[in-house]
Structures are given as C-alpha cells and as structure tokens.
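Listed here are the chains, written in short residue letters.
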Amino acid sequence: MSTKQVQGKLWSVAPTYWSQHFEPYFLPVYKKVLDRLKLTEETLLLDAGCGAGLFSFMAINAGAQVIGIDAAPGLLEVARQRNPDNNFMEEDIEALPFADNSFDVVTGFNSFQYAGNFGKAVEEAKRVLKPGGRLVICIWDKPEMSEATEILKAIGSLLPPPPPGTPGPFALSEDGVMETIIHKIGMSLTYKAKVGCPILYSKLSDGVKSFMSTGPAAAASGYADERKVKEIITQALQRFRLTEDFYHLQNQFLVFIAEK
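Residues numbered from 1 in each chain as written. Predicted model: local features only at pLDDT ≥ 70, side-chain atom pairs only at ≥ 80, totals over all residues. Heavy atoms only, no water.

1. Remarks on the packing of aromatic side chains
Part 1: Evaluated as defined, the whole model comprises 15 aromatic pairs.
Part 2: Between F22 and F26 the ring centres are 6.0 Å apart and the planes differ by 20°, which places this aromatic pair in the stacked class. Comparing F22 with F26, the two get one shared label, buried. (Phe/Tyr/Trp six-rings, centres within 6.5 Å; stacked < 30°, edge-to-face > 60°. Buried < 20%, exposed > 50% of the residue type's maximum accessible area, 1.4 Å probe, protein only.)

Structure representation (structure tokens):
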C-alpha cells in the first residue's frame, strides 16, 4: 500500500473531530503566512495537503484562486463543504497532476513530512510553481518546543517500533535541515519564523477527540482497542490540566517560505 493510501486512510477516520477540535489551533500560523503572502485575485494557490480546508477558506477570503489536494477523502469532504465553489482533489503530493509553472503559491501545512519521499514532494512543488513563485512549508518545531508531542508520544507507545533507519516525525525540524533541502533543490529561502500555536480545551472530552482525529491515533487504534487509545490520551493530558476542566498545551511551529 502506498504512502498516499496509508495516510489517506488514517486521516479519514475522524475528519469532523479534526476540523472542530484540532485544526483551529493552527490559526496563528495561517494568519502569519497570509500576512506574508499578500494574496490578490490574481494569485493561483495550491494548498498541498489541504486537510479540512480551513487555510484554503482563509486564502479564498483573502482573494486568491485556490485548488486543494489531500490524500484523505474524509478531510476532503469537509473541505468541499467549507468551500463549495472550489476544486478539492484526492491526489498525492509526490505526483501532482498539474503542468509545470502553473501556480503562484504552493502551501504545505503539516503535510510534506507525511510524504513517503519528502525530497520528491518538494521537487514536485517546485515544478508546478511559476518562476518567482513561492513555496510555504510549515512543520512542527523540535519535540521539546511543543507540549502536544507528549500526547503523540504516549499514543506512539501503542505502536510497533518503526523499521531501523526510518526518519522520525520530527527529522525535518532539526536545525538547518529545511534550509539545506531548500538550497539543494535550487530555491531561495526568503522567510523563516517560529510561530506559537497554543491549545486550550475547555473540557477533557474535547482534548481526547482532538488527538483521536490524528493519523497516529488512528494507527494505534489498529493495534490496540480504541478505548485503550482514549485512555492513553486521557492520562497524558492530565499534566496539562489547569483549574476546573481546562487543558492548556503550548506548541511551536516553523514556517519556511522559499522562492523559485
């Protein structure tokens, strides 16, 4: 089974949970990117790994013409409901179905690192960009910079160990890695930023739903009983409990903008 098929299935397990209980916490990074891009009605933007389409919605409202692709049909259905007049396609970011030099902007929020071959995915993004076009890649910062990684680590304890030599989910977050990749493919890094994206749940059940919407939780549910996955998430969230039933997690993302 291809990476696209595997990831598409995992991220389609609970798309409504994702759109309601996790995706909104990316808003600070979405707004930061939109401030930098200065989109207009002349901008043709490809949202690569568009998920449930919240950033696409914001880019459309900013005036851009937007096409979204994702491997997860469940998330795409939410994206289409949010953006009924736009085209959202089930595609692989390693094999984009577009001609060379098609887009002014390609964005990838928490998506490129899930490609089976990250280098190939970035090369594809470059290929479909017009000369002078901009590539936006947003990834989690190093694990110690985001408290949500503690929950993901707990979920990961239910999964079998990856094959030896498999890059970890935060391999691209290490200092200098993204800069090296961007330089290697012949693009110019024009902007880099760290953006805080805090999470605040007003009740424990929302926190559990939030993490149950992720690919790792879906994968863990295939090895352990779903109830066990929920118990693990509940236990891991306890250290982030505030007064009453509030749960707060501070997280940090890295944003890179490169020009072709």
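Having seen it, we continue.
2. Some thoughts on the environment of T214
Part 1: Summarising the element assignment, T214 is placed in the loop between α9 (204-212) and α10 (215-221).
Part 2: By relative accessible area, T214 is classed as buried at 3%.
Part 3: Each C-alpha atom of the pair T214 and S12 lies 9.0 Å from the other, and the pair is 202 residues apart in sequence.
Part 4: In this view, T214 contacts W11, W18, F22 and L152; residues no more than four positions away in its chain are not counted. (Helix = DSSP H or I, 4+ residues; strand = E, 2+ residues; numbered from the N terminus. Contact = heavy atoms within 4.5 Å.)

3. Things to note about the pairing of strand β5 (residues 129-140)
Part 1: Here strand β4 (residues 103-109) runs beside β5; their pairing, made up of six bridges, is parallel. Within the sheet, the bridge partner assigned to F109 lies in β5 and is C138.
Part 2: Considered for its hand, the β-α-β crossover made up of β4, helix α6 (residues 118-128) and β5 is right-handed.
Part 3: Two elements, β5 and strand β9 (residues 252-259), share seven bridges in a ladder whose sense is antiparallel. From the neighbouring strand, R134 faces β9, where its bridge partner is E259. (Pairing = 2+ DSSP bridges. Right-handed = clockwise from strand over helix to strand, strands pointing away.)

4. Brief notes about the side chain of D70
Part 1: Tracing the chain through its elements places D70 in strand β2 (residues 65-70).
Part 2: K4 is the oppositely charged side chain nearest to the buried, salt-bridge-free D70, at an N-O distance of 9.0 Å.
Part 3: Not counting residues within four places of it along the chain, the set of residues in contact with D70 comprises G49, C50, G51, L75, L76, M89, E90 and E91. (Lys, Arg positive; Asp, Glu negative; His and termini not counted. Salt bridge = Lys/Arg side-chain N within 4 Å of Asp/Glu carboxyl O.)

5. Details of the side chain of S146
Part 1: By the element assignment, S146 lies in the loop between β5 and α7 (148-156).
Part 2: A polar contact is formed between the side chain of S146 and the backbone nitrogen of Q252, at a distance of 2.9 Å.
Part 3: Look past the residues within four positions of S146 in its chain and what remains in contact with it is W140, Q250, N251 and Q252. (Polar contact = N/O pair within 3.5 Å; in protein donor to acceptor, adjacent residues only side chain to side chain.)

6. Some thoughts on the nonpolar core
Part 1: Counting residues in each nonpolar core, the largest one holds 58 residues, and the members touching the most others are V29, I151, F211, I233, L237, L249 and V255.
Part 2: Those residues in contact with L237 that sit more than four places away from it in its chain are I151, Y201, L204, G207, V208, F211, Y247 and L249.
Part 3: Within the second largest apolar cluster, 30 residues are counted, among which are I93, L96, I139 and L172. (Core = buried A, V, L, I, M, F, W, Y, C linked by side-chain atoms within 4.5 Å.)

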